[in-house]
Amino acid sequence: DSGVTQTPKHLITATGQRVTLRCSPRSGDLSVYWYQQSLDQGLQFLIQYYNGEERAKGNILERFSAQQFPDLHSELNLSSLELGDSALYFCASSPGLPGSGELFFGEGSRLTVL
Amino acid sequence: DAKTTQPNSMESNEEEPVHLPCNHSTISGTDYIHWYRQLPSQGPEYVIHGLTSNVNNRMASLAIAEDRKSSTLILHRATLRDAAVYYCILRLSTSGTYKYIFGTGTRLKVLA
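Undergrad: Is there a simple way to think about the overall build of chain B in this case?
TA: A count of helices and strands for chain B gives zero helices and ten strands. Put simply, chain B runs from its N terminus to its C terminus through helices and strands in the order β-β-β-β-β-β-β-β-β-β. In terms of overall dimensions, chain B is globule-like: its C-alpha atoms have a radius of gyration of 14 Å, near the 13 Å expected for 112 residues. If you line up chain B on its principal axes, its C-alpha atoms span 45 × 30 × 25 Å. Counting every position in chain B, which comprises 112 residues, the buried fraction comes to 46%. Residue pairs in contact within chain B that sit at least 24 positions apart in sequence constitute 55% of those at least 6 positions apart. Summed over its atoms, the accessible surface of chain B is roughly 5,700 Å², and 46% of this surface lies on carbon and sulfur atoms.

Structure (structure tokens):
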């Protein structure tokens, strides 16, 4: 158990819909990262937050947005969903300053868009 | 962004050492080399990281080339539970923050 909690574990929805994925980082970790993993692909970095502020952006689509709240949990919002958005979405957290030390990953949220 | 290159797959016999190579020719002086592995149906987990010197921990060893353009993850005695996708990544320093960029990784198959 990494200490990072992601909900929901599984989500099935239709094209055009909007979903929200939630991540609770390890206690005390200030940095949260979001990654997308499509079938049999590597992990694509989406976005990073540190203590409520956006710190780095990767290949995140304009239809996607994220935020980190004062209690440090984070949400990834995916809208106008397309079939190609079906993937595993991972959240990771790390302690201290951005990027210091290791990343701790949650078990992921599997999104299926029909 | 800097990138890493790894073989798509490797096989090893159980109880034998495994050397997983990684090329990162565009590495910068402040970029750390990290290794993570992803077991089936799980999130990635940290294995080891280093900057310039070789590193050892309870899971593995990391050998870094003198010019830092390549590194090798060494599993000293592979077990069936080590079958996973192993990712070599660079922790990039950019504008006062860090990014971790994952490549496609090496799928390790361990044969009994």
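Undergrad: Which parts of the structure should I look at to understand the packing of aromatic side chains?
TA: Centre distance and the angle of the planes are the two values used to describe a pair of aromatic rings. Here the structure, examined in full by the defined rule, presents eleven aromatic pairs over all chains. Plain terms: the ring middles of Phe64 of chain A and Tyr89 of chain A are 6.5 Å apart, the flat faces sit at 75 degrees to each other, and that makes the pair edge-to-face. Residue Phe64 of chain A is found in strand β7 (residues 64–68), and its partner Tyr89 of chain A is found in strand β9 (residues 87–94); the two are separated by 25 residues along the sequence. The exposure classification of Phe64 of chain A matches that of Tyr89 of chain A, with both residues buried. For the ring pair Tyr36 of chain B and Tyr46 of chain B, a centre distance of 5.7 Å and an interplane angle of 75 degrees mean the geometry is edge-to-face. Linking Tyr36 of chain B in strand β3 (residues 32–38) with Tyr46 of chain B in strand β4 (residues 45–50), this pair joins segments that are ten residues apart in sequence. Exposure class is identical for Tyr36 of chain B and Tyr46 of chain B. Each is buried. Aromatic rings pair up to connect Tyr35, Phe45, Phe90 and Phe105 of chain A together with Tyr36, Tyr46, Tyr87 and Phe102 of chain B into one cluster. Note that Arg26 of chain A overlies the ring of Phe104 of chain A, its terminal NZ or CZ placed 3.6 Å from the centroid.

Undergrad: What exactly am I supposed to notice about the side chain of Ser12 of chain B here?
TA: Residues and elements named next belong to chain B. Checked against the element boundaries, Ser12 lands in strand β1 (residues 9–13). On the basis of relative accessible area, Ser12 is assigned to the buried category, the value being 8%. Once residues lying within four places of it in the same chain are set aside, the contact partners of Ser12 are Pro17, Val18, Ala78, Leu108, Lys109, Val110 and Leu111.

Undergrad: Explanation requested: the pattern of salt bridges in the structure shown.
TA: Where charged atoms from two side chains of opposite charge approach closely, those side chains can pair. Residues and elements named next belong to chain A. Scanning the entire structure with this criterion turns up six salt bridges over all chains. Residues Glu82 and Arg63 are paired through a salt bridge, measuring 3.6 Å at the closest nitrogen-oxygen approach. Residue Glu82 is found in the loop between β8 (74–78) and β9, and its partner Arg63 is found in the loop between β6 (53–57) and β7; the two are separated by 19 residues along the sequence. The salt bridge partner of Arg63 is Asp85, with a shortest N-O separation of 2.8 Å. In this pair, Arg63 is assigned in the loop between β6 and β7 and Asp85 in the loop between β8 and β9, connecting sequence segments 22 residues apart. Each of Arg63, Glu82 and Asp85 takes part in a single network of salt bridges with overlapping partners.

Undergrad: Hey, could you run me through the nonpolar core in this one?
TA: Soluble globular proteins: nonpolar side chains tend toward being buried together. Counting residues in hydrophobic clusters, the biggest one holds 22 residues, and the most contacted among them are Leu20, Ile33, Trp35, Leu73, Leu75, Tyr86 and Leu108 of chain B. Put simply, the parts of the chain that give this core at least two residues each are β2 (18–23), β3, β4, β6 (61–64), β7 (70–75), β8 (84–94) and β10 (106–111) of chain B. Looking at which element gives the most residues to this core, the answer is β8 of chain B, with five residues. Other than its neighbours up to four places away in sequence, Tyr86 of chain B contacts Gln6, Leu20, Trp35, Tyr36, Arg37, Leu73, Leu75, Gly105, Thr106 and Leu108 of chain B. Core analysis: the second largest hydrophobic core is formed by 21 residues, Trp34, Leu46, Ile60 and Phe104 of chain A among them.

Undergrad: What exactly am I supposed to notice about the sheet that holds β6 of chain B here?
TA: Strand pairing in a sheet relies on backbone hydrogen bonds, with the paired strands running either antiparallel or parallel. Residue and element names in this part refer to chain B. Strand order across the open sheet formed by four strands is β2-β7-β6-β5, with antiparallel pairing between neighbours. With partners counted over all chains shown, the strands left at the sheet margins are β2 and β5 (55–56), one partner each. In terms of strand pairing, β2 meets β7 through six bridges, oriented antiparallel. Bridging from a neighbouring strand, His19 pairs with Ile74 of β7.

Definitions and limits used
Residues numbered from 1 in each chain as written. Chains lettered and ligands numbered in written order. Predicted model: local features only at pLDDT ≥ 70, side-chain atom pairs only at ≥ 80, totals over all residues. Heavy atoms only, no water. Helix = DSSP H or I, 4+ residues; strand = E, 2+ residues; numbered from the N terminus. Rg over C-alpha atoms; globule rule 2.2 N^0.38 Å. Buried < 20%, exposed > 50% of the residue type's maximum accessible area, 1.4 Å probe, protein only. Contact = heavy atoms within 4.5 Å. Areas by Shrake-Rupley, 256 points an atom, 1.4 Å probe, with all protein chains shown as cover. Phe/Tyr/Trp six-rings, centres within 6.5 Å; stacked < 30°, edge-to-face > 60°. Lys NZ or Arg CZ within 6 Å of the ring centre and 35° of its normal. Salt bridge = Lys/Arg side-chain N within 4 Å of Asp/Glu carboxyl O. Core = buried A, V, L, I, M, F, W, Y, C linked by side-chain atoms within 4.5 Å. Pairing = 2+ DSSP bridges.

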